[in-house]
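Structural characterization, general
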Amino acid sequence: MIFGMKKAFLAACLPLLLVACGPVGPVDTVVVPATESGTVASVNLNKGGATYTEYSDRVIGRGKSSVLFFFRPTDPFSVRNDAVIRAVYGTGAAVVSTYRVDYPTSTGARLKYGVLIEDTFVLLDAQGQRVASFIHPTDEEIRIILRGNIPVPTKP
């Protein structure tokens, strides 16, 4: 008898609890899809021509700050953050260009910028020098990084 009452009580309260909690995670309205080959599509809806595209050592340090995103396709954090980046670029809110670096095959870039784990964001200055690194940043931190609002201490 008591077990049946507990079961009925839980069955009645569970939907109320789920409704009270609301949706899980942030809701992104615009997502820029990947191309069929799985590569990043170049997007240019942003201020100053900021784009999200594949990494090439030749595009770094050409007088503009940039962000490197070390991506591994099998890493759930990387996949989630790739979607967040696409959403930010899709809305036109990004100010700095972001370059997606293939973590498993980019040993040289990982050594050069001191990256030890996938899903790392590396902020570079206009000369291509590392300014800061973030491992597994939150969605809001990614939005701040891509808007170029990172407080950087001045060098003496």
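First things first, this report covers the structure right here in the doc.

Conventions adopted
One numbering rule holds for all chains: residues counted from 1, following each sequence as written. Per-residue local features of the predicted model are confined to residues with pLDDT of at least 70, and side-chain atom pairs are confined, for both listing and counting, to 80 or more; whole-chain, interface and lining totals are unaffected and use all residues. Just so you know, side-chain values use all the structure's heavy atoms and leave hydrogens and water out. The secondary structure listing takes helices from DSSP runs of H or I that are at least 4 residues long and strands from runs of E that are at least 2 residues long, numbered from the N terminus. The rule is simple: take the accessible area with a 1.4 Å probe, protein chains only, and divide by the maximum for that residue type; under 20% is buried, over 50% is exposed, in between is partly exposed. Neither His nor the chain termini are counted; the positive set is Lys and Arg, and the negative set is Asp and Glu. Note on definitions: salt bridges are taken to be side-chain nitrogens of Lys or Arg within 4 Å of carboxyl oxygens of Asp or Glu. Here a residue-residue contact requires only that any non-hydrogen atoms of the pair lie within 4.5 Å. Take the buried Ala, Val, Leu, Ile, Met, Phe, Trp, Tyr and Cys residues and link them wherever side-chain atoms come within 4.5 Å; each set so joined is a nonpolar core. To estimate how far a helix should extend, the number of its residues minus one is multiplied by 1.5 Å.

**Considerations on the side chain of Arg 110**
Tracing the backbone through its elements, the reader meets Arg 110 in helix 3 (residues 107–113). Of the buried charged residues, Arg 110 lacks a salt bridge, with Glu 118 as the closest side chain of opposite charge at 7.4 Å. Residues within four places of Arg 110 in sequence aside, it is in contact with Phe 70, Tyr 103, Pro 104 and Val 115.

**Observations regarding the environment of Thr 105**
Of note, Thr 105 is situated in the loop between strand 3 (97–102) and helix 3. Distance from Thr 105 to Arg 72, taken between C-alpha atoms, is 9.5 Å for residues 33 residues apart in sequence.

**A look at the nonpolar core**
Core analysis: the largest hydrophobic core is formed by 17 residues, its most contacted members being Ile 85, Tyr 89, Phe 121 and Leu 146. Mapped onto this core, the elements with two or more residues apiece are strand 2 (66–71), helix 2 (76–91), strand 4 (120–124) and helix 4 (139–146). Among the elements that make up this core, the one with the highest residue count is helix 2 (4 residues). With residues near it in sequence (within four places) discarded, Ile 85 still touches Tyr 52, Phe 69, Phe 121, Ile 142 and Leu 146. Ranked by size, the runner-up nonpolar core spans 11 residues in total, among them Leu 68, Phe 70, Tyr 99 and Tyr 113.

**Considerations on helix 2**
Under the 1.5 Å per step criterion, the end-to-end length of helix 2 is 23 Å for 16 residues, consistent within 8% with the ideal 22 Å. Restricting attention to buried positions, one finds in helix 2 the residues Ser 78, Asn 81, Asp 82, Val 84, Ile 85, Arg 86, Ala 87, Val 88, Tyr 89 and Gly 90. On the buried face of helix 2, the contacting elements are strand 1 (52–54), strand 2, strand 3, strand 4 and helix 4. Once helix 2 finishes, Gly 92 follows within two positions and takes phi at roughly 85 degrees, a positive value.

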